[in-house]
Amino acid sequence: MPINTTQVPAHAGARGHSASASLQSWLPRLVLAPSVAISLFFVYGFMIWTFVLSLTNSRMLPSYHFVGFGQYARLMANERWWVAASNLAIFGGLFIAICLVIGAGLAILLDQRIRQEGTLRTLYLYPMALSFIVTGVVWKWLLNPGLGIQAMVRSWGFDNFTFDWLVQPEMAVYTLVIAAVWQASGFVMALFLAGLRGIDDEIIKAAQLDGASLPRIYRRVILPCLRPVVFSAVMILSHIAIKSFDLVVALTGGGPGYSSDLPATFMYAHAFTRAQIGLGSASAMLMLGGVLAILVPYLYSELRSKRDV
Amino acid sequence: MSALEIHQLHKSFGSTHVLKDVNISIASGEFLILVGPSGCGKSTLMNAIAGLEPITSGEIRIGGEDVTWRTPAERDIAMVFQSYALYPSMTVRGNIAFGLEMRKIPKAEREAAVQRVADLLQISHLLDRKPSQLSGGQRQRVAMGRALAREPQIYLFDEPLSNLDAKLRVEMRTEIKKLHQRLGTTIVYVTHDQIEAMTLADRIAVMRDGQVQQLGTPDEIYNNPVNVFVAGFMGSPAMNFVDAVLEGGRGNYALRISTPGQEDLVLPWPAERDTDALASCVGQKMLLGLRPEHFSEAVGHSGAGTAMAAVIGVVEPTGADVLINLPLGEGEVTARVGPDCHARPGERLELQVDMRRAVLFDPQREVRLA
Ligand SMILES: Nc1ncnc2c1ncn2[C@@H]1O[C@H](COP(=O)(O)OP(=O)(O)OP(=O)(O)O)[C@@H](O)[C@H]1O
Ligand SMILES: [Mg+2]
C-alpha cells in the first residue's frame, strides 16, 4: 500500500508522528474492510457454497448428504444438458464472430470521415442501451411467423416466403444469435472505432506510398494494430454470451421444448423450478469451469505477448 | 530533364492557406533541401509531392509527367516520415519488405533488399524485433531502410536525422551523401539543421509561412540572400544586422554607423557592387548585413578590409575559432576570428570588415538592395 511508504521524519515528536502514521495506514483498510468482506462473502462464499451443494443430493432444499460427484455423473447423462451446452457453443461462437465482423466492418465504414458520423454512431449504439428483456420481446414479435417479418413479406405478395426459425426446434438457437448480434454489434463498433482513431495517420500514409490498396492497408497494417481491441471485445462478448439468460427467457423461453436452452437457463430451471438444486449447482460449476477454461489461457497469452507487441 | 516540377501550388486546409504559390523545379539527380521555421508548411509540401494530401490548385510533374491527380502508389516515391510511421505489428524485416511485397517483388529479391539496407544502416541485428522494442534512433534508421529498400524516382525525407545523437547524425549525413552520389536519385529533404542543409544540398529552398522565399544553391542562399529573412535564417551564428545611413553618390557610396558613446564608423561601399536601387536611398537608414566571418582580426595594416576597432563584450571560444561580441550601431554584433586570438573582454580589438561580401537591405520592406 503506497501510504505505508510515507517517510516519517525520525526527529521531533517521533511518537506523535508514528501514531498518526499508523492511523494513516490503517484508516483506508478499515474503511475498505466492510465492502471487501461483503464481496468476498457474496462472490467467493457463494461460489464455494454452490460447489458444496453440487456434491450433495439436495433437491427442493439444500441438504448436506454428500454423494461425491454423483450429480456430475447425472448431468453428463442428461440429454437436456448436452443440448444446452452445444447451444452455448453455437450461440457463443456465432455471436462473438458475427459481432466482431459486423462491428469492425461498421467501424471501418464510419472511419471514412463520412457526414453525420455522430448521428450514425449513436444510432448503432442505441440497442446496447436496451435491456436484453426488451430486445427479446421485440425480436419475439418480429420473428413470430404470424405477426412479424414472415407475415409482412407474405402480405407483400410473396406467399411462399417462410421465416419461422422461432418455432423450429433446430433453428431456434439462431434467433438468439440474431437478437444478440443486433444488440451488441454497435457496441463492438464503438470499441473498434476508438481503436481506429488512435492509429497514427502517417502509418496509413506510409502504407499508401508503399503501394498498398485500402483493403490491404486495413488487413495488413491497421487491424493487426487493433489486437487489444479484439481482446477486450472478445472478453466482453464471451461474458455476455455465457451469462445470456434474460434473452432466452424473453425470446424463446428455452423452447420449442428445451431446444434453445442455454446452460444458464438449464441451471435456473433445475435449481429453482424443478427442485434439483444439486444438479443445478453441478451445472453452475461446469459453467464456471468453462469460463475459466476459455479465459485463462486467452488472458495469459494476451498479457504475455503484450510485452513483445 | 527536370525530375520534379511544382507549378503555382496552393494548398488550404479549410480556411487556412498553408502553401501559397509554391514554384520549384529541380533537375534529375539533384538534392533539394527544404528549410524554414516550424509550421511553415514543409511537411505539407512533402505530402503534396507524395500525393498524400490533395492540393487546392497548381500542378506537380515528376519526370516530365503530370502526376497532380495520381495516387501516392502511382507516383513512384518513397518517403521517410517525421514520426517514422513504422507498422507497429510487423517486425523490422516486415516493415522494410512491405513496400516490395505490395509491388509483387519475388521473395528472394525482397530478402536481398532487406539485407542490403540492413547492412547499410547497421540494423541487421534488429531485423526480427518489433518497432516498439527499438530506440528512437533505431526506429529512424528502420524508417530510412523502408524507403531505401525501394528504388523510386524520388526520395522524400522529412527530418530523417532529427532524433539521432550527434555522432550518428554526422555518420548518417555522410552515408546519405554517399548514397546520393551512388544512386543519383532525386531527393527532397527537410531539415532544421544548418550544417545538414549546407553540406547535403545541391539546392536549398527557404520557406516561410507557406511561401518559398528563395530557391538556390547553398552558395547563393548563403552569400546572396534575397531578403532579410533568408539572410537571418541561414548561417550559425546568424548574420549581424546593423543600422547604417547611406551617404555619398554613385561610385563612392559609404555607410555611416553611429554607435552610442563612440565615434561614427564610416564603411566605404565597394564601387563594383553599386546597384541602381541605391541611388534613391541616399541619406536614408539601411540595414547592413555582415556575417560573423566578414570580420577578421587586423594583422598589421595589410588585408583587404575596412579597419575598425571596438571594445570586446563577450568571448566564446568554440575550438575551431573564437566568437567575439562587440557593440556596433544600436546593438551588438558577433565576429568570428581565428582560434589564436587571445583577446579578453574589456580590451579594445582592431578588426577589419570585408565589405565586398556585405549585403544591404531596405529596413522597411526587408528586401535586398545591394
Ligand atoms: N490537417 C491539417 N489541418 C489543418 N491545418 C494543418 C493540417 N496539417 C498541417 N496544418 C497546418 O499547416 C501548417 C504547416 O504545417 P506543416 O506540418 O507542413 O509544418 P512544418 O513546416 O512541417 O513544421 P515542422 O518543422 O514543425 O515539422 C501548420 O500551421 C499547421 O498547423
Ligand atoms: Mg514537418
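Our structure's up above, just so we're on the same page.
From a predicted model like this one, the values you see are computed outputs, not experimental measurements. (Residues numbered from 1 in each chain as written. Chains lettered and ligands numbered in written order. Predicted model: local features only at pLDDT ≥ 70, side-chain atom pairs only at ≥ 80, totals over all residues. Heavy atoms only, no water.)

A.B. asks: Where do I start with the pattern of salt bridges in this structure?
C.D. replies: Oppositely charged side chains are able to pair whenever their charged atoms sit close together. Residue and element names in this part refer to chain B. Under the defined criterion, the tally for this structure stands at 24 salt bridges over all chains. One salt bridge in this structure joins Arg-150 and Asp-76, with 4.0 Å as the shortest N-O distance. Of the two residues, Arg-150 is situated in the loop between helix H4 (136-148) and strand S7 (154-158) and Asp-76 in the loop between strand S5 (65-66) and strand S6 (77-80); the sequence distance between them amounts to 74 residues. Since its relative accessible area comes to 5%, Arg-150 is described here as buried. Close ionic contact of Arg-256 with Asp-264 constitutes a salt bridge, the shortest N to O distance being 3.4 Å. (Salt bridge = Lys/Arg side-chain N within 4 Å of Asp/Glu carboxyl O. Helix = DSSP H or I, 4+ residues; strand = E, 2+ residues; numbered from the N terminus. Buried < 20%, exposed > 50% of the residue type's maximum accessible area, 1.4 Å probe, protein only.)

A.B. asks: Explain the environment of Leu-246 of chain B to me, please; I cannot follow it from the model alone.
C.D. replies: All names here are of chain B. Topologically, Leu-246 is positioned in strand S11 (residues 240-247). You can call Leu-246 buried: its relative accessible area is 0%. As for Leu-246 and Ile-312, which are separated by 66 residues in sequence, their C-alpha atoms are 26 Å apart. For Leu-246, the residues in contact, after removing those within four places along its chain, are Tyr-253, Ala-254, Leu-255, Leu-278, Cys-281, Val-282, Gly-283, Gln-284 and Met-286. (Contact = heavy atoms within 4.5 Å.)

A.B. asks: Even after reading the chapter, I still don't get the interface of chain B and chain A, so can you show me in this structure?
C.D. replies: With 27 residues of chain B at the contact, the number on the chain A side is 18 residues. For the pair chain B and chain A, the summed buried surface comes to about 2000 Å²; carbon and sulfur atoms form 56% of the total. Counting every contact that joins chain B to chain A gives three salt bridges. We note a salt bridge from Arg-150 of chain B to Asp-210 of chain A, for which the minimum N-O separation is 3.6 Å. Our count for the contact surface shared by chain B and chain A stands at eight residue pairs in polar contact (both at pLDDT 80 or more). Looking at the side of chain B that touches chain A, the elements that each hand over two or more residues are helix H1 (42-50), S6 and helix H2 (92-102) of chain B. Grouping the constituent residues of the side of chain B that touches chain A by class yields 14 nonpolar, seven polar and six charged. (Buried area = accessible area lost by both parts, 1.4 Å probe. Polar contact = N/O pair within 3.5 Å; in protein donor to acceptor, adjacent residues only side chain to side chain. Nonpolar A, V, L, I, M, F, W, Y, C, P; charged D, E, K, R; others polar.)

A.B. asks: What is the right way to look at the nonpolar core in this model?
C.D. replies: One recurring pattern in soluble globular proteins: nonpolar side chains tend to sit buried together. If you look at the biggest cluster of nonpolar residues, it comprises 87 residues, and the most contacted ones within it are Phe-95 of chain A together with Leu-34 and Leu-45 of chain B. Element by element, the count of residues in this core is highest for helix H7 (residues 172-197) of chain A, at twelve residues. Not counting chain neighbours up to four residues away, the residues in contact with Leu-34 of chain B comprise Ile-24, Lys-42, Leu-45, Met-46, Val-188, Tyr-189, Val-190, Thr-191, Ala-205 and Met-207 of chain B. With 45 residues, the next largest nonpolar core counts Ile-33, Leu-121, Leu-168 and Ala-197 of chain B among its residues. (Core = buried A, V, L, I, M, F, W, Y, C linked by side-chain atoms within 4.5 Å.)

A.B. asks: Please clarify how the packing of helix H3 (residues 107-121) of chain B against H4 of chain B should be interpreted in this entry.
C.D. replies: All names here are of chain B. Here H3 crosses H4 at 140 degrees, and the two axes come no closer than 9 Å. Classified by the angle their axes make, H3 and H4 are oblique. Remark: the crossing between H3 and H4 carries right-handed chirality. Along the contact surface, H3 presents Arg-116, Val-117, Leu-120 and Leu-121, while H4 presents Arg-141, Met-144, Gly-145 and Leu-148. Split into classes, the residues belonging to the contact of H3 with H4 amount to five nonpolar, one polar and two charged. (Axes fitted to C-alpha atoms, helices over the stretch in contact; angles between N-to-C directions. Parallel < 35°, antiparallel > 145°, perpendicular 65-115°, else oblique. Left-handed = near helix turned anticlockwise from the far one by under 90°.)

A.B. asks: Explain the packing of aromatic side chains to me, please; I cannot follow it from the model alone.
C.D. replies: Describing an aromatic ring pair means giving the distance of the ring centres and the angle of the ring planes. Residue and element names in this part refer to chain A. According to the stated counting rule, one finds 18 aromatic pairs over all chains in the structure shown. Ring plane angle 65 degrees and centroid distance 5.3 Å describe the contact between Trp-81 and Phe-266, whose orientation is recorded as edge-to-face. One end of the pair, Trp-81, is in helix H3 (residues 79-110); the other, Phe-266, is in helix H12 (residues 263-273), and 185 residues separate them in sequence. Note on Trp-81: relative accessible area 6%, which makes it buried. (Phe/Tyr/Trp six-rings, centres within 6.5 Å; stacked < 30°, edge-to-face > 60°.)

A.B. asks: Is there a simple way to think about the sheet that holds strand S15 (residues 295-297) of chain B in this case?
C.D. replies: As a general point, the strands of a sheet are linked pairwise by backbone hydrogen bonds and lie either parallel or antiparallel. Residues and elements named next belong to chain B. Sheet architecture is open: three strands sit in the order S15-S20-S16, paired in antiparallel fashion. Two strands lie at the open edges of the sheet, namely S15 and strand S16 (306-311), each paired on one side alone. Adjacent strand axes in the sheet meet at a mean angle of 40 degrees, parallel and antiparallel pairs treated alike. Summarising the sheet, S16 and strand S20 (residues 348-353) pair through six bridges and their orientation is antiparallel. The partner of Val-311 across the bridge, within S20, is Arg-348. (Pairing = 2+ DSSP bridges.)

A.B. asks: In this structure, what is going on with the coordination of the magnesium ion (ligand 2)? I would like to understand it.
C.D. replies: Around a metal, the ideal angle is 109.5 degrees if four donors adopt a tetrahedral arrangement and 90 or 180 degrees if six donors adopt an octahedral arrangement. The protein atoms that coordinate the magnesium ion (ligand 2) are Ser-43 of chain B (OG) and Gln-82 of chain B (OE1), at distances of 1.9 to 2.3 Å. Of this pair, Ser-43 of chain B sits in helix H1 while Gln-82 of chain B sits in the loop between S6 and H2, placing them 39 residues apart in sequence. (Donors = N, O, S within 2.8 Å, 3.2 Å for Na, K, Ca; no water.)

A.B. asks: Explain the site of ligand 1 to me, please; I cannot follow it from the model alone.
C.D. replies: Residue and element names in this part refer to chain B. Residues in contact with ligand 1, as listed here, are Phe-13, Val-18, Ser-38, Gly-39, Cys-40, Gly-41, Lys-42, Ser-43, Thr-44, Gln-82, Glu-159 and His-192. At 2.8 Å, a backbone N or O of Gly-39 approaches an oxygen atom of ligand 1. Separating an oxygen atom of ligand 1 from a backbone N or O atom of Gly-41 is a distance of 3.0 Å. For ligand 1, whose unbound accessible area comes to 640 Å², protein coverage reaches 59%. In terms of residues, the shell around ligand 1 owes the most to one element, H1, which gives three residues. (Near = heavy atom within 4 Å. Areas by Shrake-Rupley, 256 points an atom, 1.4 Å probe, with all protein chains shown as cover.)

A.B. asks: Whenever I open this one, the sheet that holds S7 of chain B confuses me. Can you help?
C.D. replies: All names here are of chain B. Spatial ordering of the open sheet is given by S6-S7-S8-S3-S9-S10, a layout of six strands whose pairing is mixed. Bordering the open sheet on either side are S6 and strand S10 (211-216), each of which pairs with just one other strand. Looking at each pair of strands side by side, their axes are set apart by 15 degrees on average, direction ignored. Across four bridges, S6 lies against S7 in parallel orientation. Residue pairing across strands places Ile-77 opposite Ile-154, the latter belonging to S7. Across the sheet, H1 lies against strand S3 (31-35), S6, S7, strand S8 (186-190) and strand S9 (203-208), angled at about 155 degrees from S7, the strand it touches most. Most of the contacts of H4 go to S6, to which it runs at about 175 degrees, and overall it touches S6 and S7.

A.B. asks: Where do I start with H2 of chain B in this structure?
C.D. replies: Think of an α-helix as 3.6 residues a turn; residues three or four steps apart then line up on the same face. Along H2 of chain B, eight of the eleven residues are buried, which leaves the element largely enclosed by surrounding structure. Within the span of H2 of chain B, buried status applies to Val-92, Asn-95, Ile-96, Ala-97, Phe-98, Gly-99, Leu-100 and Met-102 of chain B. Close packing links the buried residues of H2 of chain B with helix H8 (201-209) and helix H9 (214-225) of chain A together with H3 and H4 of chain B. Taken from the residues just after H2 of chain B, Lys-104 of chain B is the one with a positive phi, measuring 60 degrees.

A.B. asks: It is not clear to me how unusual backbone geometry should be interpreted in this structure. Could you clarify?
C.D. replies: Trans is the common state for peptide bonds, and a negative phi is the common state for residues other than glycine. Cis rather than trans, the peptide bond between Ser-236 of chain B and Pro-237 of chain B has omega equal to -5 degrees. Positionally, Pro-237 of chain B belongs in the loop between helix H8 (228-233) and S11.

A.B. asks: What is the right way to look at the side chain of Asn-95 of chain B in this model?
C.D. replies: All names here are of chain B. Considering the arrangement of structural elements, one finds Asn-95 in helix H2. At 3.3 Å, the side chain of Asn-95 forms a polar contact with the backbone oxygen of Met-90. Discounting residues that sit within four places of it in the chain, Asn-95 has contacts with Leu-86, Tyr-87, Met-90, Pro-131, Val-142 and Arg-146.

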